[in-house]
Amino acid sequence: MENRAPRGTRDVLPIDSGKWQYIEGKIHKVCRQFGYFEIRTPVFEHTELFKRGIGDDTDIVQKEMYTFDDKGGRSITLRPEGTAGAVRAYLEHNLHANTSPSRLYYICSCYRYEKPQAGRLREFHQFGAEMFGAGGATADVEAISMAVELLVSAGLSKLNVGINSVGCGECKSAYNNSLKEYFKGKEVCELCQNRLERNPMRVLDCKNPHCAEIAENAPKMIDILCGECAEHFKSVQDGLAALGIDFVIDSHIVRGLDYYTRTVFEITAGDIGAQNVVCGGGRYDRLVEQFGGKPTPAVGFAMGLERLLLCLEKCDIEVPGSDSPDVYIGWIGEEGRRCALKLAADLRGQAISVDLEVMERSPRAQMKYADKIGAGHSAIIGGDEVESGEFVLRDMRTGEERKYRINDVSTKGVEI
Ligand code: ATP
Ligand code: MG
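Summary of the structure given here.

Calculation rules
- Residues numbered from 1 in each chain as written.
- Chains lettered and ligands numbered in written order.
- Predicted model: local features only at pLDDT ≥ 70, side-chain atom pairs only at ≥ 80, totals over all residues.
- Heavy atoms only, no water.
- Helix = DSSP H or I, 4+ residues; strand = E, 2+ residues; numbered from the N terminus.
- Buried < 20%, exposed > 50% of the residue type's maximum accessible area, 1.4 Å probe, protein only.
- Contact = heavy atoms within 4.5 Å.
- Salt bridge = Lys/Arg side-chain N within 4 Å of Asp/Glu carboxyl O.
- Pairing = 2+ DSSP bridges.
- Axes fitted to C-alpha atoms, helices over the stretch in contact; angles between N-to-C directions.

## Some words on the environment of P363
Counting through the fold element by element, P363 comes out in helix α13 (residues 363-372). Residue P363 is classed as partly exposed on the basis of its relative accessible area, which comes to 39%. Considering only alpha carbons, one finds P363 and G382, 19 residues apart in sequence, at a separation of 9.7 Å. With near-sequence residues (within four places) excluded, P363 lies in contact with I332 and I380.

Right, here's the structure in full:
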């Protein structure tokens, strides 16, 4: 039997799960502040959904999806990203019938068959947010500022926000033609030769240094945007400036997925090597329609949580880990056991975390254990305590001891 987790997956162990909970707590808080509500969609969807939503020409659909036939012969795919499922649910449950906009967010696992390396896994986690129904630039600014707010509240200070516009359908086709013209006869990699045929903008996203060098002087989309798209992009910049969010216009940001229109953005933080894009997003005004809905503008982003945690680690930013219990309670004898059980329940009722002795260790071993787990306080309940109705709570750091009446704990709690 294979005793290791599958390649590209990771267990989150108790020593680290506190960090995840901390980040997830920040996400829920920031989303509430921005008026977003959580949506949870299935881990798997019909394969067709991703093919249609993400685009046949993308790396994800071409080579990264976990696709299989279920026992009923349906083609199923583990979600490689969260947007397609969110759009499907938005349409299926008529969320558009509610007031506009709809603001949705999710924290979900995603699956991509990639070459595992630092910050690149086969099972990873995304925090994503999507706003449906608002076409104006203010929505784009809100999306970018929410992503920035989350990263800042997690502790990152040096963020690089790159923005670009990929225009509307018309701008895109004009731009693709000028890119084809520019790259004609230039020696780009084989993959890019193919991209030039099918989707020339993707050449700008190529990680091959030689292609990147050639792409350096390629025409820029923002120079040929139509009037309306140019206006929209300017308004996004105005909004970011009004919020004091520093950004650079980076004409190489085209994003991997086909569905983007107008604003696209990426945020990098710290130095986590090649995989330093912690958040990517943009506007996708045609996706809802593509899924059979009414034309509905939309804007959103997705953030890789493993990459975020990696950034925090690289930047030496302390993230609170898993907590030790507030109180350890040991006991001696049958009467002590009964009393300790009740005392633990009363303390928990006062929102105090308790580790109660369950190993039936000797009193000496109990004290050793309390120390080892880093309990904030400890108490041992034996015959004397049962008889007097009082117990001593010891502060494990200072050694200070306080006496309490056992029967008072359920109403008054203890000082910790
Ligand atoms: P990259 O260019 O690094 O492959 P991408 O464009 O494929 O990223 P998106 O589809 O935009 O990424 O996903 C949004 C975010 O999810 C990324 O910015 C990144 O933080 C995270 N992410 C994407 N793929 C992975 C992966 N395989 N492992 C861990 N995190 C990932
Ligand atoms: Mg990728």
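Back to the text.
## Topic: the pattern of salt bridges
All chains considered together, the criterion is met by 24 salt bridges. Linking R202 and D205 is a salt bridge whose minimum nitrogen-to-oxygen distance equals 3.8 Å. Taking the relative accessible area as the measure of exposure, R202 reaches 7% and is therefore buried. When salt bridges that share partners are traced, they join E45, R88 and E92 into one network.

## Observations regarding the sheet that holds strand β11 (residues 298-304)
Think of a sheet as strands paired side by side through backbone hydrogen bonds, with each pair either parallel or antiparallel. Taken in spatial order, the eight strands make up an open sheet running β1-β5-β6-β11-β10-β9-β7-β8, and their pairing is mixed. This sheet does not close on itself; its edge strands, each paired only once, are β1 (37-38) and β8 (248-249). This element, helix α4 (residues 83-92), spans β5 (102-111) and β6 (123-132) of the sheet and lies at about 40° to β6.

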